[in-house]
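Here's the letter readout for the chains.
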Amino acid sequence: MMDDQDTQLRRAIGTLLQSDPLIKLLQEVRLGRMKSTDAGLRAVVESWIGTYAQVLKSQSLNGDLLTRLDPVPRLQVLVDAGVLSWEHPATCGLRDLFRSLPVTAA
């Protein structure tokens, strides 16, 4: 059972990394090549949040593994960079979704 959970977690993380705006786009913001308010950046971030929500909805992981998918640290980076705020509907929705996920037994 744990191997299935580990595999499921690895797949989830892989999916999230494919669309993660933090890797490339925030570097552009930090270097001044892109503004944190850029509409294109906002669209990429909101798409990534949608992907994140889909991944979370498709998981049935135990509590220890589920915590590794907590979106708050990634969202914090986006908030700190001025790309999102904690009040943004997508940010609130993703945090609420994560908090509502059922935790399975190990």
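Report follows, based on the coordinates. The model shown is predicted, which means the values in this text are computed figures rather than measured ones. (Residues numbered from 1 in each chain as written. Predicted model: local features only at pLDDT ≥ 70, side-chain atom pairs only at ≥ 80, totals over all residues. Heavy atoms only, no water.)

## A few points about the packing of helix α3 (residues 39-57) against helix α6 (residues 89-100)
And step 1. Viewed as axis vectors pointing N to C, α3 and α6 meet at an angle of 10°, and their least axial separation amounts to 10 Å. On the basis of the axis angle, α3 is roughly parallel to α6. The chirality of how α3 crosses α6 is left-handed. Here α3 contributes I49, Y52, A53, L56 and K57 to the contact with α6, which in turn contributes A90, L94, L97 and F98.
And step 2. In terms of residue class, the contact of α3 with α6 is built from 8 nonpolar, no polar and 1 charged. (Axes fitted to C-alpha atoms, helices over the stretch in contact; angles between N-to-C directions. Helix = DSSP H or I, 4+ residues; strand = E, 2+ residues; numbered from the N terminus. Parallel < 35°, antiparallel > 145°, perpendicular 65-115°, else oblique. Left-handed = near helix turned anticlockwise from the far one by under 90°. Contact = heavy atoms within 4.5 Å. Nonpolar A, V, L, I, M, F, W, Y, C, P; charged D, E, K, R; others polar.)

## A short note on the packing of aromatic side chains
And step 1. For the coordinates displayed, the defined rule picks out 1 aromatic pair.
And step 2. Note on W48 and Y52: the rings are 5.2 Å apart at their centroids and 85° apart in plane angle, and the pair reads as edge-to-face. You can see W48 and its partner Y52 sitting in helix α3, 4 residues apart, about one turn around the helix. In this pair, the class of W48 matches that of Y52, namely buried. (Phe/Tyr/Trp six-rings, centres within 6.5 Å; stacked < 30°, edge-to-face > 60°. Buried < 20%, exposed > 50% of the residue type's maximum accessible area, 1.4 Å probe, protein only.)

## Some details on the nonpolar core
And step 1. The biggest cluster of nonpolar side chains holds 29 residues, and the ones touching the most others in it are I49, L56, L78 and L84.
And step 2. The set of elements that each furnish at least two residues to this core consists of α1 (2-18), α2 (21-30), α3, α4 (63-66), α5 (72-80) and α6.
And step 3. With residues up to four places along the chain from it excluded, the contact list for L84 reads R42, V45, I49, L75, L78, V79 and T91. (Core = buried A, V, L, I, M, F, W, Y, C linked by side-chain atoms within 4.5 Å.)

## Regarding the side chain of H88
And step 1. Considering the arrangement of structural elements, one finds H88 in the loop between α5 and α6.
And step 2. Taking the relative accessible area as the measure of exposure, H88 reaches 14% and is therefore buried.
And step 3. Of note is the side chain of H88, whose polar atom sits 2.9 Å from the side chain of E46.
And step 4. Those residues in contact with H88 that lie beyond four places of it in its chain are R42 and E46. (Polar contact = N/O pair within 3.5 Å; in protein donor to acceptor, adjacent residues only side chain to side chain.)

## A closer look at α5
And step 1. Of all the residues in α5, the buried ones are L75, L78 and V79. All buried residues of α5 lie within an arc of 100° about the axis, which places them on one face of the element.
And step 2. Where α5 terminates, the next one or two residues include G82, which has phi positive at roughly 80°. (Arc of directions from axis to C-beta.)

## Observations concerning α6
And step 1. Over its 12 residues, α6 runs 16 Å from end to end, which matches the ideal 16 Å to within 8%, given 1.5 Å per residue.
And step 2. Buried residues of α6: A90, T91, L94, R95, L97 and F98, and no others. Each buried residue of α6 lies within a common arc of 160° when the element is viewed along its axis, so the set occupies one face. The outward face of α6, more than 90 degrees from its buried face, is lined by the exposed residues P89, R99 and S100.
And step 3. On the buried face of α6, the contacting elements are α3, α4 and α5. (Expected span 1.5 Å × (residues − 1).)

Remember, this is a structural readout, not a statement about activity or role.
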